[in-house]
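Structure assessment
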Amino acid sequence: MRTTGSILLLLGSASSLAAAVLPQLYPVWTSPVDEGLRVIRDEIGAWRLCTLLFLVGAGLVLVGLPLVFAAGTDPSRAPAMSAALALATTGTVLWIVNLAFRLSVTVRVAQGLGDAVPDWYLSAWGWVGALWSVAAVLLGIGFAALGLLSALSGSLPAWAGWTSVGVVAVAIGLLIFLQDTPPIVIYLAPVAWGVAVLLLRES
């Protein structure tokens, strides 16, 4: 089960990475909303693919986490581990809501875009962006706690736990200083855990 979970973590992170590196969508992340919508309109297939890849990645990691961390957990740390998984799950749900908005509402607005972006969409986009910020914080805290607990309990090699804590620190730092953080940064944390489990299996 743990090996299966590690593979799911690696596939989920790979899916998120693939979503993040579609070059035709780079202007969406750096342009004002109206310009971004025009790019989405012109690259609607890439936008749908990007969003679906993020969705798949989030789902795979969500399923893989309990498979990796349920085994080998010190019983005294089980409540903390459960709380960390709950935070990661809540963050994932909020991230999926954000992605569902992108895949439905954003696509419709982009396809029907005229000279100006509807005011209601600008407000909604702001709220959806805030939703990702909350999701990022919850995912970050959950992932950092999982990494710390696994390192302290010895359920995973210490390097994997501390690497994930460092990755989260970078992600939260970006969120604080730039008011945003790329999802792929946070989803690098599961890579360390997936690799660690596979290395333990081979040793």
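All of the points below concern the structure found in this document. Model, not experiment: these values are computed from the prediction. (Residues numbered from 1 in each chain as written. Predicted model: local features only at pLDDT ≥ 70, side-chain atom pairs only at ≥ 80, totals over all residues. Heavy atoms only, no water.)

Description of the overall build of the protein chain
Along its length, the protein chain carries nine helices and zero strands. In sequence order, the protein chain lays out its α and β elements as α-α-α-α-α-α-α-α-α. Radius of gyration (C-alpha) of the protein chain: 18 Å, near the 17 Å computed for a compact globule of 203 residues. With 203 residues in all, the protein chain has 45% of them scored as buried. A separation threshold of at least 6 residues defines the contact pool for the protein chain, and within that pool the share at least 24 residues apart is 78%. Carbon and sulfur atoms provide 71% of the accessible area of the protein chain, an area that totals close to 9300 Å². Both charge centroids of the protein chain, one from 8 positive and one from 9 negative side chains, sit 10 Å from each other. (Helix = DSSP H or I, 4+ residues; strand = E, 2+ residues; numbered from the N terminus. Rg over C-alpha atoms; globule rule 2.2 N^0.38 Å. Buried < 20%, exposed > 50% of the residue type's maximum accessible area, 1.4 Å probe, protein only. Contact = heavy atoms within 4.5 Å. Areas by Shrake-Rupley, 256 points an atom, 1.4 Å probe, with all protein chains shown as cover. Lys, Arg positive; Asp, Glu negative; His and termini not counted. Charge placed at Lys NZ, Arg CZ, Asp CG, Glu CD.)

Brief notes about helix H6 (residues 119-153)
Counted at 1.5 Å a residue, the expected span for H6 with its 35 residues is 51 Å, and the 51 Å between its end C-alpha atoms agrees. Just downstream of H6, Gly154 is the residue with a positive phi angle, here 80°. (Expected span 1.5 Å × (residues − 1).)

Side note on unusual backbone geometry
Positive phi, close to 60°, is recorded for Gln179, a residue that is not glycine. Mapping Gln179 onto the fold places it in the loop between helix H7 (158-178) and helix H8 (183-186). Gln179 sits in the exposed class, given a relative accessible area of 59%.

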